[in-house]
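Read off the chains here:
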Amino acid sequence: MPELPEVESLRRLLVRSVVGRTIVHATVTNAALRRRVPSDFARQIVGRRIERLGRRAKYLMVELGGELTMLVHLGMSGSLTRRCGAFPESSFDRRHDHLELKLDDRSRLVFNDPRRFGLVKLVARADAASCSELRALGPEPLGPDFNSAYLAQKARGRRAAIKNFLMDQKVVAGIGNIYAAEILFRAGVRPARRVYTLSRTELKRIAEATPNVLREAIGLRGTTFRSYRDSRGKPGAFSRRLKVYGRENEPCPRCWAPIKNVVVGQRASFFCPRCQH
Ligand SMILES: [Zn+2]
């Protein structure tokens with residue numbers, strides 16, 4: 001499932017190729033995504049220029065001419081690819097190409113999503129921050145508002161497991177199961193630890209590990225397990241750098257103890273029983 005690093009990698013690749021282009025045609029093949037794509041979607045966006053590409057949490061914010069913003073969320077299995085020339089079309093099942101935007105350089109932006117949990121929504125730019133998807137989100141983990149003082153203040157009295165706390169989008173935006181596991185390994189904290197039992201030092205280590213892990217993953221264009229592909233249709237390379245996620249019974253890269261997998265909040269949670277306390 002794409003998390004912040006995958007969406008940010010996608011944004012950085014698309015910035016180079018689609019900003020400044022105009023949408024000349026739009027086709028909605030299947031409107032039944034997480035929320036139904038409105039019937040006037042194509043009419044609303046055709047003729048508009050892509051002015052800027054932003055990101056908030058796991059949402060790509062495509063800012064269009066005329067103060068309109070298109071929010072794109074990849075859901076569980078979505079991808080947004082720019083197709084032209086030698087694009088590897090065969091790695092995508094055409095039946096799941098739900099949305100296609102033709103641009104004025106003859107390339108196409110295609111939203112493909114086998115499980116259809118993704119979302120594409122148009123909002124007036126002035127209302128974007130207060131729309132239902134974005135208004136309750138916590139700070140960006142790569143921004144100045146996320147630091148150890150913020151984390152310590154949020155953590156006070158919280159009984160949740162630290163891993164669920166990190167994945168709570170109201171606490172901090174954009175972190176899911178993969179990166180929560182990696183952050184906690186770097187910080188030396190077990191995923192099931194109750195938040196209120198963490199020391200100031202442990203919270204500080206978590207606050208510092210968070211942007212470091214995410215930045216490293218963005219540099220490698222994210223993690224691909226199953227379906228995730230970047231805007232060129234290529235998998236992300238961070239999978240090879242994962243220290244604990246998906247590595248049950250493999251040796252810890254730091255101490256060689258076998259990695260364990262416990263269920264925390266109904267999700268698989270990988271950790272090293274020797275390095276994490
Ligand atoms: Zn270890």
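Residues numbered from 1 in each chain as written. Predicted model: local features only at pLDDT ≥ 70, side-chain atom pairs only at ≥ 80, totals over all residues. Heavy atoms only, no water.

## Description of the layout of surface pockets
Then comes step 1: Of the pockets and cavities examined, the second largest pocket occupies roughly 180 Å³.
Then comes step 2: Around the second largest pocket, the lining residues are Leu13, Ser17, Arg82, Cys84, Ala86, Phe87, Pro88, Ser231, Arg232 and Lys234.
Then comes step 3: The class makeup of the residues in the lining of the second largest pocket is five nonpolar, two polar and three charged. (1 Å grid on protein atoms, 1.4 Å probe; cavity = no way out; pocket = protein on both sides within 12 Å on 5 of 7 lines; lining within 4 Å. Points joined across faces, edges and corners; volume = space filled by probe spheres on them. Nonpolar A, V, L, I, M, F, W, Y, C, P; charged D, E, K, R; others polar.)

## Overview of the coordination of the zinc ion
Then comes step 1: Protein coordination of the zinc ion is provided by Cys252 (SG), Cys255 (SG), Cys272 (SG) and Cys275 (SG), with donor distances spanning 2.2 to 2.4 Å.
Then comes step 2: Seen from the zinc ion, its four donor atoms lie at angles of 100 to 115°, and the figure they make is tetrahedral.
Then comes step 3: Among the residues examined, Cys255 registers a relative accessible area of 18% and is labelled buried. (Donors = N, O, S within 2.8 Å, 3.2 Å for Na, K, Ca; no water. Tetrahedral: all angles 85-135°; square planar, octahedral: opposite > 155°, others 65-115°. Buried < 20%, exposed > 50% of the residue type's maximum accessible area, 1.4 Å probe, protein only.)

## Considering the packing of helix H5 (residues 177-187) against helix H6 (residues 200-219)
Then comes step 1: Between H5 and H6, the least distance of the axes is 8 Å, while the angle of their chain directions is 125°. Our classification of the angle between H5 and H6 gives oblique. The chirality of how H5 crosses H6 is right-handed. Here Tyr179, Glu182, Ile183, Leu184, Arg186 and Ala187 of H5 come into contact with H6, specifically with Arg205, Ile206, Ala209, Thr210, Val213, Leu214, Glu216 and Ala217.
Then comes step 2: Tallied by class, the residues present in the contact of H5 with H6 amount to nine nonpolar, one polar and four charged. (Axes fitted to C-alpha atoms, helices over the stretch in contact; angles between N-to-C directions. Helix = DSSP H or I, 4+ residues; strand = E, 2+ residues; numbered from the N terminus. Parallel < 35°, antiparallel > 145°, perpendicular 65-115°, else oblique. Left-handed = near helix turned anticlockwise from the far one by under 90°. Contact = heavy atoms within 4.5 Å.)

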